[in-house]
Amino acid sequence: GGAVPMMVQLEGDAILRLLEVRRCLEYEAARKAALNATPAQRAEIGRLCDVLLAIIARGEPYREADMAFHAAIADATGNPMFGGILRRLDDMFERSASSPFSVPDFGLASFPMHRDLADGIVAGDPDKAGAAMHAIIDSVDGEIRQIIAG
């Protein structure tokens with residue numbers, strides 16, 4: 001490759017740094033949600049995952065559904081700091097529409113693991129939920145590195 005524009009390299013590096021911080025928070029949030037979620041929260045997380053995967057299957061824009069799903073997980077931790085900090089991280093990284101990291105199918109490879117994540121939380125299994133979250137972040141991380149590599 002070698003012909004990746006400098007801006008893409010810089011943006012990619014910034015996203016990777018952000019993702020490194022997100023990984024710690026999202027992993028812990030997934031585990032805590034699996035342990036602490038109320039029955040109503042578990043049901044809602046399962047429902048939001050169904051909605052998200054249905055939207056993706058139809059090829060429709062999914063960012064809002066994805067954010068709602070992750071927000072419900074953060075809420076289910078029982079610690080409002082998780083949601084607050086994760087929302088700020090989202091705000092820190094609003095991507096421009098022209099960015100290669102905001103193409104419609106960016107991150108799509110990670111969506112099958114969202115089912116495992118929801119299932120782990122619904123089942124009250126923190127190890128399954130945490131492993132699924134790591135798999136999601138690994139998938140996105142790998143995609144970013146491929147874009148940077150050209």
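One can find the structure itself at the top, above this paragraph.
Residues numbered from 1 in each chain as written. Predicted model: local features only at pLDDT ≥ 70, side-chain atom pairs only at ≥ 80, totals over all residues. Heavy atoms only, no water.

Caption draft 1: Just the overall build of the protein chain, in detail. The helix and strand inventory of the protein chain stands at 6 helices and 0 strands. Counting from the amino terminus, the protein chain carries its helices and strands in the arrangement α-α-α-α-α-α. Taken against the 2.2 N^0.38 rule, which gives 15 Å for 150 residues, the C-alpha radius of gyration of the protein chain at 15 Å falls within 12% of a compact globule. Oriented by its inertia axes, the alpha-carbon framework of the protein chain measures out at about 50 × 30 × 25 Å. Considering only residue pairs separated by 6 or more positions, the protein chain has 79% of its internal contacts joining residues 24 or more positions apart. Treating the 15 positive side-chain charges of the protein chain as one cloud and the 22 negative ones as another, the clouds have centres 3 Å apart. (Helix = DSSP H or I, 4+ residues; strand = E, 2+ residues; numbered from the N terminus. Rg over C-alpha atoms; globule rule 2.2 N^0.38 Å. Contact = heavy atoms within 4.5 Å. Lys, Arg positive; Asp, Glu negative; His and termini not counted. Charge placed at Lys NZ, Arg CZ, Asp CG, Glu CD.)

Caption draft 2: Quick look at the environment of Gly78. Its location among the elements puts Gly78 in the loop between helix H3 (63-76) and helix H4 (80-92). Sequence separation of Gly78 and Leu10 is 68 residues, and the distance between their C-alpha atoms is 36 Å.

Caption draft 3: Inspection of the packing of helix H1 (residues 6-36) against H3 at higher detail. Running from amino to carboxyl end, H1 crosses H3 at an angle of 65°, the nearest separation of the two axes being 7 Å. Here H1 runs over H3; the crossing is left-handed. Along the contact surface, H1 presents Glu26, Ala29, Ala30, Lys32, Ala33 and Asn36, while H3 presents His70, Ile73 and Ala76. Grouping the constituent residues of the contact of H1 with H3 by class yields 5 nonpolar, 2 polar and 2 charged. (Axes fitted to C-alpha atoms, helices over the stretch in contact; angles between N-to-C directions. Left-handed = near helix turned anticlockwise from the far one by under 90°. Nonpolar A, V, L, I, M, F, W, Y, C, P; charged D, E, K, R; others polar.)

Caption draft 4: Just the pattern of salt bridges, in detail. The tally for this structure, following the rule as stated, stands at 10 salt bridges. Among the salt bridges present, the one from Asp138 reaches Arg23, with a minimum N-O distance of 2.8 Å. Of the two residues, Asp138 is situated in helix H6 (residues 126-149) and Arg23 in helix H1; the sequence distance between them amounts to 115 residues. Taking relative accessible area as the criterion, Asp138 reaches 43% and is therefore assigned partly exposed. Take Arg23: its relative accessible area is 21%, and that puts it in the partly exposed class. Of the charged contacts in the structure, one is a salt bridge between Asp127 and Arg31, with a shortest N-O distance of 2.8 Å. Of this pair, Asp127 sits in helix H6 while Arg31 is found in helix H1, placing the two residues 96 residues apart along the sequence. What makes Asp127 exposed here is its relative accessible area of 52%. Among the charged side chains, a salt-bridge network with shared partners connects Arg22, Glu26 and Asp90. (Salt bridge = Lys/Arg side-chain N within 4 Å of Asp/Glu carboxyl O. Buried < 20%, exposed > 50% of the residue type's maximum accessible area, 1.4 Å probe, protein only.)

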